[in-house]
Amino acid sequence: QVQLVESGGGLVTPGGSLRLSCAASGSIASISVMGWYRQATGKQREFVARITVGGTITYADSVKGRFTISRGNARNTIDLQMNSLKPEDTAVYSCAATITTTARSVANYWGRGTQVTVSS
């Protein structure tokens, strides 16, 4: 069984910063890609950023230059540093990963999400 757990959300004023973390655990053989998505109230979920096992990083245009995705210090973790936050960044941020389990099955897994609210 695989689990993804996010942490680090909260309330911040416009222009502020937050750092999100995601940790994958369980019967993991390998992770080919990990990333972040977000969903604002009343809107569809949208891609934010991802990093592949080879280190290729992709960002949504809306966060380029403000957000930075990186591998965490611990195995199977990633971080998302969010700077210059705007009210339109308010959303539930969810971690996602494509994981090969020790049983050699491949699937996409999702965390439950963490709320980020940008408001004065």
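Residues numbered from 1 in each chain as written. Predicted model: local features only at pLDDT ≥ 70, side-chain atom pairs only at ≥ 80, totals over all residues. Heavy atoms only, no water.

## Here we look at the side chain of Thr114
With respect to the helices and strands, the residue Thr114 is situated in strand 11 (residues 114-118). Judged by relative accessible area, Thr114 falls into the buried class, the value being 11%. What Thr114 contacts, discounting residues up to four positions off in sequence, is Glu6, Gly9, Leu20, Ala91, Val92 and Tyr93. (Helix = DSSP H or I, 4+ residues; strand = E, 2+ residues; numbered from the N terminus. Buried < 20%, exposed > 50% of the residue type's maximum accessible area, 1.4 Å probe, protein only. Contact = heavy atoms within 4.5 Å.)

## A word on the pairing of strand 11
Side chains Thr114, Val116 and Val118 project from strand 11 onto a buried face, and the interleaved Gln115 and Thr117 project onto a face without burial. Pairing of strand 2 (residues 10-12) with strand 11, which is carried by three bridges, proceeds in the parallel orientation. Each bridged residue has a counterpart across the sheet, and for Leu11 the counterpart in strand 11 is Thr117. Bridging between strand 9 (residues 91-101) and strand 11 involves three bridges; their strand directions are antiparallel. Each residue of the ladder has a partner; that of Tyr93, found in strand 11, is Thr114. (Pairing = 2+ DSSP bridges.)

## Considerations on the nonpolar core
Within soluble globular proteins, side chains that are nonpolar generally end up buried alongside one another. Formed by 29 residues in total, the largest nonpolar core has its most connected members in Trp36, Leu80, Met82 and Tyr93. Among the secondary structure elements, those contributing two or more residues to this core are strand 1 (2-7), strand 3 (18-26), strand 4 (28-39), strand 5 (46-52), strand 7 (67-71), strand 8 (77-82), strand 9 and strand 11. At five residues, the largest contribution of residues to this core is made by strand 9. Look past the residues within four positions of Tyr93 in its chain and what remains in contact with it is Glu6, Leu20, Trp36, Tyr37, Arg38, Val48, Phe67, Leu80, Met82, Gly113, Thr114 and Val116. (Core = buried A, V, L, I, M, F, W, Y, C linked by side-chain atoms within 4.5 Å.)

## Things to note about unusual backbone geometry
We note that Asn76 has phi near 65°; this positive angle belongs to a residue other than glycine. Following the sequence through the fold, Asn76 ends up in the loop between strand 7 and strand 8. In this structure, Ser84 takes a positive phi of about 50° despite not being glycine. Take Ser84: it is sitting in the loop between strand 8 and strand 9.

## A closer look at the environment of Arg45
As for its position among the elements, Arg45 is in the loop between strand 4 and strand 5. Taking the relative accessible area as the measure of exposure, Arg45 reaches 48% and is therefore partly exposed. Sequence-wise, Arg45 and Ser94 are 49 residues apart; in three dimensions their C-alpha atoms are separated by 9.4 Å. With residues near it in sequence (within four places) discarded, Arg45 still touches Tyr37, Arg38, Gln39 and Trp110.

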